[in-house]
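Tertiary structure, described
Listed here are the chains, written in short residue letters.
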Amino acid sequence: MSSTAVLEVSGLSKVYGDAIALNGASLELQRGEIHAIVGENGAGKSTLVKVLSGMVIPDAGTVSREGVELVFGHPGNSRKAGISTSFQELSLLSNLTVAENLLISELPRQFGVVRRSVVEKKAAAILAEWGVVDIAPDTLVAQLPLSAKQRLEIVRALNARPDILILDEPTAALPDTEWLFHHVRSLRDTGTAVLYISHKLREIAELCDRGTVMRNGAIVGSFEGSDFNHDELISTMIGRSINLAFPPRVSPIPADAPIVLVGEELTVGRRLTDVSLSIRGGEILGVAGLEGQGQRELFYALAGELRLSSGTVTIAGEPADLRSPRTAMRSGPGIALVPEERKREALFPDLPTSVNITVPALSEITRGGIVRHGAEEKLAAEAGAGAHLPDAYLPRIVGQLSGGNQQKAVLARTSLTGAQVLLMFDPTRGIDPSAKLEVYGTLRKAAEAGAAILLYSTEIPELVGLSDRVVVLYGGQIAADLTGDQIQEDAIMSAAVGHARNPGTPNSGVAS
Amino acid sequence: MKGGFGDSVRNVFTNGASRAFIVLIFMLLVWAKFQPNGLKVSQLDSYLTLALPLAAAAMGVTVVLISGEFDLSAAGVIALVNVLLATTFTATNPLVAAVAVIVIAALIGLVNGLFVVFGKLPAIAVTLATFIILGGLAQVLLPQPGGQVPQGIVDAVMTKMFIPRALLILIVLGIGWLWFKRTRLGIHMFGLGEDEAALHLSGVNVRRTRLWVFAIGGALYGLAGVFFSALTGSGDANSTKTYLLATFAAVAIGGVSFAGGSGSGLGSIFGALVLLAIPKVLFVLKVSDWMQMVVQGIVIIAAVLVGALAVRRAQNQAFLSLGREAEVDSVEIASEGKA
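The rules behind these values
Residues numbered from 1 in each chain as written. Chains lettered and ligands numbered in written order. Predicted model: local features only at pLDDT ≥ 70, side-chain atom pairs only at ≥ 80, totals over all residues. Helix = DSSP H or I, 4+ residues; strand = E, 2+ residues; numbered from the N terminus. Buried ≥ 20, exposed ≤ 12 C-beta atoms within 10 Å, placed from the backbone. Contact = placed C-beta atoms within 7 Å. Axes fitted to C-alpha atoms, helices over the stretch in contact; angles between N-to-C directions. Parallel < 35°, antiparallel > 145°, perpendicular 65-115°, else oblique. Left-handed = near helix turned anticlockwise from the far one by under 90°. Nonpolar A, V, L, I, M, F, W, Y, C, P; charged D, E, K, R; others polar. Pairing = 2+ DSSP bridges. Expected span 1.5 Å × (residues − 1). Domains from an automatic or database assignment.

**Examining the overall build of chain B**
Assigned secondary structure in chain B consists of 14 helices and 0 strands. When the elements of chain B are put in sequence order from the N terminus, they spell out α-α-α-α-α-α-α-α-α-α-α-α-α-α. The buried share of chain B, taken over its 339 residues, is 48%. Contacts in chain B between residues far apart in sequence, at least 24 positions, make up 83% of those at least 6 positions apart.

See the structure below:
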């Protein structure tokens, strides 16, 4: 068995401050296998990837390529050892063109000059070779949609024709996984060893030959082929058994629950046209839609971040003031947005978690204009507990927490705004399964307490599991308005791709 | 290529260099229109010659800014080069002297870079210190204004020709920029300013790139020092201080991003020319001398404001059309130690 090992990782450890990122991780990678690494955010997968790619120097342990030890800390060495990586956070430079990005480390020169035409021709050939025909080599990467960036990142890794290919969450923004799987399999069949890191167990079952489970920086389990039980695997990942079900509604929404938010004929530029909806207190209204169908405009306009071109919004019977997020938050019982990019739009990444949480309630914890630390800690702990955020994280710098814990901090903060209308834009994006469950619980609890929740998610099962009603956006309009038993994955999906139109209520999500 | 006429017009305004160029043309037209008896070639010549040191220094600041760092050392380097040419190299072969001071300047830039790259010190602090030290060193070498810059250097820059020689030099600098930005180093420099981590992950040696950029910046300050010395003909350790702020004013007008990743050497040349055209225009419009500084400040604000508005507009479009950006799911490191 070890005769075919191309990469032997043994005893890797890495500690950042008091956080253990890797704890004696060992594994063997065989020639011609697709090897999955699964684990929660914070399990050490990314650190492992970074060590192998030469970005991070471990505190202990070795990596050897067919008996030759890898010198850590230099991406160049890893490349020479035949390792090539598609990074989760994408290593593309948005101010350069597609072609320049593809060839960045070996730009072709004539008389010292890198000629655009030459680079673009070469890049076009590379893209064509990997079956990418819809990305023009002369486009600036900044102008590409995320899914195209993701493919570009993958093509760059594939094109190095590595002996060891590392794919870190390659499908996070990839609609067409077949394209990726096809190329990964054909590389595998020519002897490449593939390390495949993903949250998506369905993909792993479909693609991978073997797998390793990580938890808290250590290897805690392994599996062969698609021969694994999802629930068991998840229990191994998080170290305890969980119930993957969505938290059920405890009591039905009372029939006389007040309508908290009404939006009529909301229009934002050309992206959102005449959308009407209303939400009752205690209700979770799901919003579904493929990328760019107006959901972003809907949420950001309701939050006061984008200007409505036309339409009216009333909150608790009064016209809402949506000139800015500040006025939206102060309209009636208040509107608060949990935005898409938590690190950029929601958090102060360099400040402690407790400070991030208590921002909306500063007046409650200051005396004479000075923040009282005891009060701050107490309030942050209360709000954090409500969002399942352990106290231990409160003093930490929020930017260094895992995505799941960052999102819990955002939810804790949102609870302190006291807003009764909560706009949740893809709140479980990129966070691990157990954090997702806790976010579901927080949402459900807020609804039970009477909040009106507008929930957008890219994961349709979430909408099915949590929503009382679902509106599907297509081309900036409501293509379907589903309630009760109508809320099914296939119904949502077919409306989202523009097939079905709900005949009864063609363009309104107003509760009757 | 892509997009219609409307897009092209918009690009002119989002592109800092072309914006600065339009402002420059406008100012030159105003100057020419109100100049009694018309604008003479000799006036244009002396105006362009005066702009040479500022243009070269602004280009040096530009490369460092594009790479995502700061450099305050320009004025210090110019002072040292000026004093060296007027004293130590006064009797040296002009070409050798010019090359020598430019090499020295490049080495100073390299040292700045070493402190930033290996010392992991903030570039503002390092280069501010360099500025102060070099200014002081120049004072020590030449306490009183004086000395003599090699005549060959003066002649090389100042001799009259059939067209203004300074224009020719500026064109060469501009072509040099267009060449440099298409070299490997040039492309890496842009990438470095955009996202150092991504460039590193892409397999480019970011340290070497940064060191080169600081050295090239230094060399351009050295060139600015040579131009300055040719203009004055003698040494004066004190007269170069204005370049500290003027270079940054020029790059701001030229549309260089102070956040890194975008900018143009051409823009900085135009920025330098705009800055020096202000007093000319004010003079022919009979505005008091005392207003000069105020107007300079207003022009800088206006340039930055127009640029910011154009860029923000472009970004809003992108915000609406692209939707979500890459999810950077935090560094995994510091998460669950033991919860």
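**Some remarks on the packing of helix α4 (residues 74-86) of chain B against helix α11 (residues 206-232) of chain B**
Residues and elements named next belong to chain B. Between α4 and α11, whose axes approach to 8 Å, the crossing angle comes to 50°. The angle between α4 and α11 places the two elements in the oblique class. Handedness of the α4/α11 crossing: right-handed. Between α4 and α11, the residues in contact are Ala 74, Val 77, Ile 78, Val 81, Asn 82, Leu 85 and Ala 86 and Gly 218, Tyr 221, Gly 222, Ala 224, Gly 225, Val 226, Phe 228 and Ser 229, respectively. When its residues are assigned to classes, the contact of α4 with α11 shows 10 nonpolar, 5 polar and no charged.

**Some thoughts on the pairing of strand β12 (residues 272-280) of chain A**
All names here are of chain A. Counting buried residues along β12, 7 of its 9 residues qualify, which places the element largely inside the surrounding structure. Alignment of strand β11 (residues 259-268) against β12, held across 6 bridges, turns out to be antiparallel. Note that in β12 the partner of Leu 261 across the bridge is Ile 279. Hairpin connection from β11 to β12: 3 residues lie between these consecutive antiparallel strands, with Gly 269 at a positive phi of about 55°.

**Quick word on the pairing of strand β19 (residues 421-425) of chain A**
Residues and elements named next belong to chain A. Counting buried residues in β19 gives 5 out of 5 residues, a clear majority hidden from the surface. A two-sided burial pattern is seen for β19, the buried positions comprising Val 421, Leu 423 and Phe 425 on one face and Leu 422 and Met 424 on the other. Bridging between strand β16 (residues 335-338) and β19 involves 4 bridges; their strand directions are parallel. Looking at β19, one finds that Leu 337 is bridged to Leu 423. With 5 bridges joining them, β19 and strand β20 (residues 452-456) adopt parallel strand pairing.

**Thoughts on α11 of chain B**
All names here are of chain B. Its 27 residues give α11 an end-to-end C-alpha distance of 39 Å, which sits within 8% of 39 Å, the value for a rise of 1.5 Å per residue. In terms of burial, α11 is largely enclosed, as 23 of its 27 residues are buried. In the stretch just after α11, Gly 233 is the one whose phi turns positive, near 80°.

**Overview of the environment of Arg 271 of chain A**
Checked against the element boundaries, Arg 271 of chain A lands in the loop between β11 and β12. Spatially, the C-alpha atoms of Arg 271 of chain A and Ala 25 of chain A are 48 Å apart, while their sequence positions differ by 246 residues.

**Things to note about the sheet that holds strand β21 (residues 469-474) of chain A**
All names here are of chain A. The strand order across the open sheet built from 6 strands is β16-β19-β20-β13-β21-β22, with neighbouring strands paired in mixed fashion. Strand pairing shows two members of the sheet lacking a second neighbour, β16 and β22 (477-483), which therefore form its edges. On average, each strand axis in the sheet is tilted by 20° relative to the strand beside it, whichever way the strands run. Pairing geometry for strand β13 (residues 284-288) and β21, over 4 bridges, is parallel. In the sheet register, Val 287 faces β21, and the bridge partner there is Val 471. Contacts from helix α18 (residues 489-496) reach β13, β21 and β22 within the one sheet, and its direction differs from that of β21 by about 25°.

**Overview of helix α16 (residues 433-448) of chain A**
All names here are of chain A. Taking 1.5 Å of rise per residue, 16 residues should cover 22 Å, and α16 covers 23 Å from first to last C-alpha, within 8% of that figure. Within α16, the full set of buried residues consists of Ser 434, Ala 435, Lys 436, Leu 437, Glu 438, Val 439, Thr 442, Leu 443, Ala 446 and Ala 447. Within two residues after α16, Gly 450 carries a phi angle of roughly 110°, on the positive side.

**Details of the sheet that holds strand β9 (residues 210-215) of chain A**
All names here are of chain A. Spatially, β6-β7-β8-β3-β9-β10 is the arrangement adopted by the 6 strands of the open sheet, whose pairing is mixed. Looking at the sheet topology across the chains shown, the edges are occupied by β6 (83-86) and β10 (218-224). For this sheet, the mean angle separating the axes of adjacent strands, direction not counted, is 20°. Note that β9 and β10 share 6 bridges and pair antiparallel.

**Some details on unusual backbone geometry**
Residue and element names in this part refer to chain A. For Arg 161, which is not a glycine, the phi torsion comes out positive at approximately 45°. The residue Arg 161 is located in the loop between α5 (146-159) and β7 (164-168) in this model. A positive phi angle, near 50°, is found at Asn 216, a position not held by glycine. Mapping Asn 216 onto the fold places it in the loop between β9 and β10.

**Quick look at the domain arrangement of chain B**
All names here are of chain B. Domain annotation for chain B reports domain 1 (37-286) and domain 2 (291-339). Taking the mean C-alpha position of each, domain 1 and domain 2 sit 27 Å from one another. On the side of domain 2, 9 residues touch domain 1, which itself brings 9 residues to the contact. Elements with a contribution of two residues or more to the side of domain 1 that touches domain 2: α12 (242-253) and α13 (265-284). The greatest single-element share of the side of domain 1 that touches domain 2, amounting to 5 residues, is contributed by α13. Grouping the constituent residues of the side of domain 1 that touches domain 2 by class yields 8 nonpolar, 1 polar and no charged.

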